[in-house]
Amino acid sequence: ASMALKHTISINESGSGPIVVRVQENGGPLNLDATMAVGGDAVKSDIQGKKFLERVYFKGGQLVVYREAENKDSDLEMTRTLERSSDTDELTLILTSTHIPRGSDGAETGTRTTATSWFKYESPPPTAAMPSPSAPSSPTTAGVTTATAVTTTEAENEADEVPDAVGMSGVWNRATTKNF
């Protein structure tokens, strides 16, 4: 059994500024809210007492939120993909969460673990949830730069492709989860 989980994703790609993504994850002990610009500075977050630097990018039609633990012991790669049912034309958001253990030297150690969750669309995101690409840095992003605070990964090198990003905007409720 998995806890009830709701993700609200708001993507603003209008205007001449960067694509801005806001991801809210709520359910059980989780109450996360992060707004990030694609290709922008990393954002500090606290997830159940553990501090992370997170950034967002697109890779192969997927929305990726990459979280690096500040203590460098692990990374979390949260990959979201849209899938349309051929039978019902219903959209499903697929979240693949991969935990990547790291040693003191930053090298990957141990075994990656992955959980996949399927979310059903509930509604458009609230209008107030739409981020603004022209908004100034908040105190949580000030002074944190991708170049110095977050390790560059191979995935970032492929991060130029932007899928139908607005299609992922919405309120999504988790239907099922499978751990690997």
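Computed from a predicted structure; not experimentally measured.

Asks: Residue-level account of the side chain of Glu 68, with values.
Replies: Within the secondary structure, Glu 68 is located in strand β6 (residues 62–69). Among the residues examined, Glu 68 registers a relative accessible area of 4% and is labelled buried. Side-chain polar atoms of Glu 68 contact the side chain of Lys 72, separated by 2.7 Å.

Asks: Describe unusual backbone geometry, and please don't skip the residues or the numbers.
Replies: Phi at Gln 48 is positive, roughly 50°, even though this residue is not glycine. Checked against the element boundaries, Gln 48 lands in the loop between β4 (43–47) and β5 (50–59). Within the chain, Lys 72 stands out as a residue other than glycine whose phi angle is a positive 65°. Relative accessible area serves as the criterion here: at 37%, Lys 72 is assigned to the partly exposed category.

Asks: If you had to explain the nonpolar core to someone new, which residues and values would you point to?
Replies: Counting residues in each nonpolar core, the largest one holds 25 residues, and the members touching the most others are Ile 11, Val 21 and Leu 63. Secondary-structure elements contributing two or more residues to this core are β1 (6–12), β2 (20–27), β3 (30–37), β4, β5, β6, β7 (74–84) and β8 (91–101). When residues of this core are assigned to their parent elements, the largest contribution, four residues, is made by β3. Among residues more than four places away in sequence, those in contact with Leu 63 are Ile 9, Ile 11, Val 21, Val 56, Tyr 57, Phe 58, Met 78, Thr 79, Arg 80 and Met 168.

Asks: Which residues make up the sheet that holds strand β9 (residues 113–123), and what are the values?
Replies: Ordered in space as β3-β2-β1-β10-β9-β8-β7-β6-β5-β4, the 10 strands form an open sheet in which the pairing is antiparallel. Two strands close off the open sheet at either side, each with one partner strand: β3 and β4. Taken over all neighbouring pairs, the strand axes of this sheet differ in orientation by 25° on average, direction set aside. As paired strands, β1 and strand β10 (residues 170–179) are joined by four bridges and run antiparallel to one another. Pairing of Lys 6 across the sheet is with Asn 173, part of β10.

Asks: Quick one: what's the story with the pairing of β4, residue by residue and with numbers?
Replies: Residues in a regular strand project their side chains so that they alternate between the two faces of the sheet. Burial along β4 is one-sided: the face carrying Val 43, Ser 45 and Ile 47 is buried and the face carrying Lys 44 and Asp 46 is not. Pairing between β4 and β5: five bridges, direction antiparallel. Counted as the bridge partner of Lys 44 is Leu 53 from β5. Between β4 and β5, which pair antiparallel one after the other, the connecting turn spans two residues, and Gln 48 there sits at a positive phi close to 50°.

Asks: Pulling in residues and values, what's your account of the pattern of salt bridges?
Replies: Under the criterion given, the structure shown has 11 salt bridges. Here Glu 122 ties to Lys 6 by a salt bridge, and the two come within 3.3 Å at their closest N and O atoms. Of the two residues, Glu 122 sits in strand β9 while Lys 6 sits in strand β1, which places them 116 residues apart along the sequence. Residue classification places Lys 6 among the partly exposed positions, given a relative accessible area of 31%. The partner of Asp 73 in a salt bridge is Lys 50, and the shortest N-O contact between them spans 2.8 Å. Taken together, the positions of Asp 73 in the loop between β6 and β7 and Lys 50 in strand β5 put the pair 23 residues apart, joining distant regions of the chain. For Asp 73, a relative accessible area of 33% puts it in the partly exposed group.

Asks: Go over the environment of Met 78 with me, naming the residues and quoting the values.
Replies: Relative to the elements of secondary structure, Met 78 occurs in strand β7. For Met 78, a relative accessible area of 7% gives the class buried. Spatially, the C-alpha atoms of Met 78 and Gln 62 are 9.8 Å apart, while their sequence positions differ by 16 residues.

What counts as what
- Residues numbered from 1 in each chain as written.
- Predicted model: local features only at pLDDT ≥ 70, side-chain atom pairs only at ≥ 80, totals over all residues.
- Heavy atoms only, no water.
- Helix = DSSP H or I, 4+ residues; strand = E, 2+ residues; numbered from the N terminus.
- Buried < 20%, exposed > 50% of the residue type's maximum accessible area, 1.4 Å probe, protein only.
- Polar contact = N/O pair within 3.5 Å; in protein donor to acceptor, adjacent residues only side chain to side chain.
- Core = buried A, V, L, I, M, F, W, Y, C linked by side-chain atoms within 4.5 Å.
- Contact = heavy atoms within 4.5 Å.
- Pairing = 2+ DSSP bridges.
- Axes fitted to C-alpha atoms, helices over the stretch in contact; angles between N-to-C directions.
- Salt bridge = Lys/Arg side-chain N within 4 Å of Asp/Glu carboxyl O.

Scope: geometric values only; no functional claims are made or implied.
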